[in-house]
Amino acid sequence: RAPARTPRRAVAFCVVVVVGSLLSVVAADAYMTQGQIRLTRMQQQLNTDLGRHHDLELDVARSSDPSKVVGEAQHNGLVAPDRVTDVPQVSESGSTASTTAPAGGTAGHRSTGSQ
């Protein structure tokens, strides 16, 4: 009779291993499904944010259109000048020093541009 119990234990052990394996597969599948759901939500949020970003870029492009800027300026009462002149470039060598006093300073003090 002793040899008859050994196969029962072996069968019981195999059943426990198979059931445990199936449960672990089900748990892993549930975990993967949850991750997939989170990934899908994040992709939807990304698509929503990208669409909003694209819409905002279009708004900026429309708002910075030169004809729109000029039209808004004229609507607010600004008038374009009749003549526009360029300001001549000044060399950095300091050969042409300013003789005007800086705002809030004394007349004898000349600024070198650094503080």
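Residues numbered from 1 in each chain as written. Predicted model: local features only at pLDDT ≥ 70, side-chain atom pairs only at ≥ 80, totals over all residues. Heavy atoms only, no water.

### Some words on the overall build of the chain
Our working rule: Only runs of H or I of at least four residues qualify as helices and only runs of E of at least two qualify as strands under DSSP, and these elements are numbered from the N terminus. Note on exposure labels: buried denotes an accessible area under 20% of the residue type's maximum, exposed denotes more than 50%, and partly exposed covers the range between, all computed with a 1.4 Å probe on protein chains only. Residue burial considers only the protein chains on display, and all accessible areas are found by Shrake-Rupley using a 1.4 Å probe.
In terms of helices and strands, the chain carries 2 helices and 0 strands. Sorting the 115 residues of the chain into buried and exposed places 0% on the buried side. Carbon and sulfur atoms make up 59% of the accessible area of the chain, which amounts to about 11100 Å² in all.

### Examining the pattern of salt bridges
Put simply, the rule is: Within this document, salt bridges are pairs made up of a side-chain nitrogen of Lys or Arg and a carboxyl oxygen of Asp or Glu, the two lying within 4 Å of each other.
Evaluation of the coordinates by the stated rule reveals 1 salt bridge. Residues Arg62 and Asp59 are paired through a salt bridge, measuring 3.6 Å at the closest nitrogen-oxygen approach. In this pair, Arg62 and Asp59 both sit in helix 1 (residues 2-63), 3 residues apart, roughly one turn of the helix. By relative accessible area, Arg62 is classed as exposed at 53%. The partly exposed category is assigned to Asp59, whose relative accessible area is 39%.

### Focus: a nonpolar patch on the surface
To keep it simple, the criterion reads: For patches, a residue must show more than 30% relative accessible area and have no salt bridge; joins then use 9 Å for like charges and 5 Å for nonpolar side chains, namely Val, Leu, Ile, Met, Phe, Trp and Tyr.
A cluster of nonpolar residues, Val11, Val15, Val19 and Leu23, forms a patch on the protein surface that exposes about 360 Å² of accessible area. If you trace the backbone, Val19 turns up in helix 1.

### Looking at the confidence of the model for the chain
Rules: A residue's pLDDT is simply how confident the predictor is in it, with values from 0 to 100. We call two residues contacting when some pair of their heavy atoms lies within 4.5 Å.
Averaged over all residues, the pLDDT of the chain is 82; the fraction at 70 or higher stands at 77%. Confidence over residues 105-115 falls short of pLDDT 50; this stretch has 6 contacts with residues more than four positions distant or in other chains.

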